[in-house]
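# Coordinate analysis (summary)
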Amino acid sequence: RAHTCSHCSATGPAFRCPCKNAFYCNRSCQLAGFSNHKPQCATLLAKKIKTKELCLGTSNHATIAEDSQKLALLYSEQGELGKAEGFMRKALCIMLGYGAWQEEVAKV
């Protein structure tokens, strides 16, 4: 299927977001259209989760679980079921208890 620019809808865009879910004609279209794409960007959400994971000594557990669940749904919509399962498992482990999450991480 032919892709269209996520900002201006022109066909045959040259650039692709790293999440592989948005396409842009050029840098200016990317900058103009990214604010609409940002909430659905799996790459950006994955980076956000990693940053929060570095701060696990704080009260970020609930937000990490929520973001992991969002990312799982995004990956599922993109057909990346292995990644979706991993992030959903992480979300569930966090929700069920931090100890369970630590054990799950140790397995990986």
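Just above sits the structure.
Note that the coordinates shown come from a computational prediction; the quantities given were computed from them, not determined experimentally. (Residues numbered from 1 in each chain as written. Predicted model: local features only at pLDDT ≥ 70, side-chain atom pairs only at ≥ 80, totals over all residues. Heavy atoms only, no water.)

### Regarding the overall build of the protein chain
The cut-off we apply is this: By the criteria applied, helices consist of DSSP H or I runs no shorter than four residues and strands consist of E runs no shorter than two, each listed in order from the N terminus. Exposure categories follow from relative accessible area, calculated using a 1.4 Å probe and restricted to protein chains: below 20% of the type maximum is buried, above 50% is exposed, and the middle band is partly exposed. Whether two residues are in contact is decided by their heavy atoms: any pair within 4.5 Å suffices.
Across its full length, the protein chain holds five helices and two strands. When the helices and strands of the protein chain are read in sequence order from the N terminus, they spell out β-β-α-α-α-α-α. Within the protein chain, the fraction of its 108 residues that count as buried is 31%. If you take every contact in the protein chain between residues at least 6 apart in sequence, the share linking residues at least 24 apart comes to 29%.

### Quick notes on helix α1 (residues 27-37)
Note the following rule: Arc, as used here, means the arc of the directions from the helix axis to the C-beta atoms.
Where α1 is concerned, the buried positions are Cys-29, Gly-33 and His-37. The buried residues of α1 occupy an angular sector of 65° when projected down its axis, which confines them to one face. Turned more than 90 degrees away from the buried face of α1, the exposed residues are Arg-27, Leu-31 and Ser-35. Taken together, the buried residues of α1 touch β2 (23-24).

### Thoughts on the pattern of salt bridges
Where charged atoms of side chains with opposite charge meet at close range, the side chains can pair. To keep it simple, the criterion reads: The rule for a salt bridge is simple: a side-chain nitrogen of Lys or Arg has to be within 4 Å of a carboxyl oxygen of Asp or Glu.
Applying the stated rule across the entire model yields two salt bridges. Among the ionic pairs, Glu-66 bridges to Lys-70, the shortest N-O distance being 3.5 Å. Here Glu-66 and its partner Lys-70 are both found in helix α3 (residues 61-77), four residues apart, which amounts to about one turn of the helix. Residue classification places Glu-66 among the partly exposed positions, given a relative accessible area of 43%. Exposure remark for Lys-70: the relative accessible area of 41% places this residue in the partly exposed category.

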